[in-house]
Amino acid sequence: MPQFFVSTAKGLSDVLVEEMLQLGIKHPTKTPAGAFFEGNWEDVYRLNLCSRVASRILKPLIEFTAYKDDELYQQIMDHQDFSRYLSPETTFMIDASVKESALHDQRFLAMKVKDAIVDQMRETFGERPSIAKANPDVKFYIKGYKNRFSLAVDTSGDSLFMRGYRMEAGEAPLKENLAAALIMMSEWKRDIPIVDLTCGSGTILIEAAMMALNMSPGVHRRSFGFQKLKSYNEETWSRVLDSAIGEEKEDIPFKFYGFDFDRKIIQKAKANAKRAGVDHIIDFRSENIAMVAPPCERGIVVINPPYGARLGDEDSLRDVYRDLGFTLKSRFSGWDVFILSGNKDLMGDLKLKASRKHFVYNGSLECRFLKYSIK
Ligand SMILES: C[S@@+](CC[C@H](N)C(=O)[O-])C[C@H]1O[C@@H](n2cnc3c(N)ncnc32)[C@H](O)[C@@H]1O
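From a predicted model like this one, the values you see are computed outputs, not experimental measurements.

(A) Representation of the sheet that holds strand β9 (residues 194-196) in the model. Strand order in the open sheet made by the seven strands is β11-β10-β9-β12-β13-β15-β14, with mixed pairing throughout. Lying at the two open borders of the sheet, with one neighbouring strand each, are β11 (282-286) and β14 (356-362). Mean inter-strand twist for the sheet, computed between neighbouring axes without regard to direction, equals 20°. Packing against the sheet, helix α5 (residues 176-185) makes contact with β12 (300-303), β13 (336-341), β14 and β15 (365-373), and its axis sits at approximately 170° to β14.

(B) Up close: α5. Burial within α5 is extensive, with 10 of its 10 residues counted as buried. Of the positions making up α5, those classed as buried are Glu176, Asn177, Leu178, Ala179, Ala180, Ala181, Leu182, Ile183, Met184 and Met185. Residues of α5 that are buried sit in contact with α1 (13-22), α6 (203-212), β12, β13, β14 and β15. Remark: Glu187 follows α5 within two positions and exhibits a positive phi of approximately 60°.

(C) Just the site of the ligand, in detail. The ligand sits among 20 residues. The nearest are Pro173, Thr198, Gly200, Ser201 and Thr203. Per-class residue counts for the shell around the ligand are 11 nonpolar, seven polar and two charged.

(D) The environment of Lys357, seen in detail. Here Lys357 shows up in strand β14. Residues contacting Lys357, with those up to four places away along its chain left out, are Arg368 and Leu370.

(E) Structural detail: the domain arrangement of the protein. You can read the domains of the protein as domain 1 (3-154) and domain 2 (176-215 + 249-373). The distance between the C-alpha centroids of domain 1 and domain 2 comes to 36 Å. Taken residue by residue, the interface counts 11 residues in domain 1 and 10 residues in domain 2. Among the residues forming the side of domain 1 that touches domain 2, the class breakdown is five nonpolar, three polar and three charged.

(F) Spotlight on the pairing of strand β8 (residues 148-154). Summarising burial for β8: five of the seven residues are buried, a large majority. Two strands pair when backbone bridges link them, and strand β4 (residues 56-65) and β8 are joined in this way by seven bridges, in the antiparallel orientation. Counted as the bridge partner of Pro60 is Ala152 from β8. Inspection of the sheet shows strand β7 (residues 138-145) paired to β8 by six bridges, in the antiparallel sense. Within β8, the residue paired with Phe140 across the bridge is Val153. Turn length for the β7-β8 hairpin, with the two strands adjacent in sequence and antiparallel, is two residues, and the turn residue Lys146 shows positive phi of about 50°.

(G) Representation of the sheet that holds strand β3 (residues 34-38) in the model. Sheet architecture is open: eight strands sit in the order β2-β3-β1-β4-β8-β7-β5-β6, paired in mixed fashion. Single-partner strands in this sheet number two, and they are β2 (29-31) and β6 (130-131).

(H) Examining the environment of Lys228 more closely. Residue position: Lys228 is located in the loop between α6 and α7 (234-246). On the basis of neighbour counts, which here come to 21 C-beta atoms within 10 Å, the residue Lys228 falls in the buried class. Once the C-alpha coordinates of Lys228 and Ser87 are considered, the two residues, 141 residues apart in sequence, prove to be 9.9 Å apart. Not counting the four nearest positions on each side in its chain, Lys228 is found in contact with Thr90, Asp137 and Val138.

(I) Main features of the nonpolar core. By size, the foremost hydrophobic cluster in this structure holds 110 residues, and its most contacted members are Leu182 and Ala209. The dominant element in this core, judged by the number of residues it contributes, is α5, at eight residues. Formed jointly, this core draws a minimum of three residues from each of two domains, domain 1 (3-154) and domain 2 (176-215 + 249-373). Each residue touching Ala209, except ones within four places of it in the same chain, is listed here: Phe256, Val278, Ile281 and Ile282.

The rules behind the values
- Residues numbered from 1 in each chain as written.
- Predicted model: local features only at pLDDT ≥ 70, side-chain atom pairs only at ≥ 80, totals over all residues.
- Pairing = 2+ DSSP bridges.
- Helix = DSSP H or I, 4+ residues; strand = E, 2+ residues; numbered from the N terminus.
- Axes fitted to C-alpha atoms, helices over the stretch in contact; angles between N-to-C directions.
- Contact = placed C-beta atoms within 7 Å.
- Buried ≥ 20, exposed ≤ 12 C-beta atoms within 10 Å, placed from the backbone.
- Near = placed C-beta within 6 Å.
- Nonpolar A, V, L, I, M, F, W, Y, C, P; charged D, E, K, R; others polar.
- Domains from an automatic or database assignment.
- Core = buried A, V, L, I, M, F, W, Y, C linked by C-beta atoms within 7 Å.

Put into structure tokens, the structure is as follows:
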């Protein structure tokens, strides 16, 4: 069976592997930012549609050592049949990255890979496919480290965190796959409300609502990379899509609640939830963190408060964290609260003691995802 690689953000591999097992993938092998698995193309279609944590799914093609450009060219020409993935009419591009190698120029590396693909396709068909830097049909990835290279073809297209519902956001929105992973790390069982006290564009709650309705994260996307590959099988894709849609629920017996003091961002969150088809189960309200009271009897809080990456932000944010700490201690007793923060000092202002801690990356920033059980 062919091998595939599912990438995700650093820190999310454990959650990804857990999710892959739930989606029927056998024996995924964890790496620091993803997991390999052996499977068929139906698995690849299903993971692209249903994985909430994946960033992208790649099909590794070849691995080889090369010190010179003609070695690299020949290895690719000799050991990979590109007519399995491309037709002369397909447009493609190469994404190159390289470290600590004799062939160290990324642009040159991309050009050499392109030459090998184009020359091989011309030999086979008498015509060559064209390059498209924007919106190519097919994307290849070449990665080099210490003169060892790996070439892979992408099956996702746009990164999988781009679900298609978030057209509007405020400052520092969470990537959708990170928001989904946080919910999974909270061990929420999809059976009680989630409250977000600084909901911004609504990402955490929209992801949770989609989970509660069994709605696949990819249902609103217009396309996936695998649909442009020559090997694409429309019948298999229809079967995967129909089966996922067949699992969806229309309603659930509880709601999600999002608060933010910025009225404009609340309007954006509502619009995003409507596009995602989950607005009937999320209640968004404009409210300051200092004033919020529990909107329901029981639930959990999952929250991504601002953490001021910009200079000068920190002082004004101290008040927000003090207010958050006060609100939680005085009004949310008995609740479990999960907070993502990239600023350890500010977390000290909560005056609460965490009972569990995960390290995750929000972009390049190392963050902590902490659990507090409010007495
Ligand atoms: C990091 S953003 C949240 C982003 C959100 N998770 C998303 O994906 O869009 C923090 C949010 O906290 C809100 N906020 C800041 N201070 C607040 C306060 N005192 N009360 C309520 N909301 C506040 C901001 O308006 C901002 O939308």
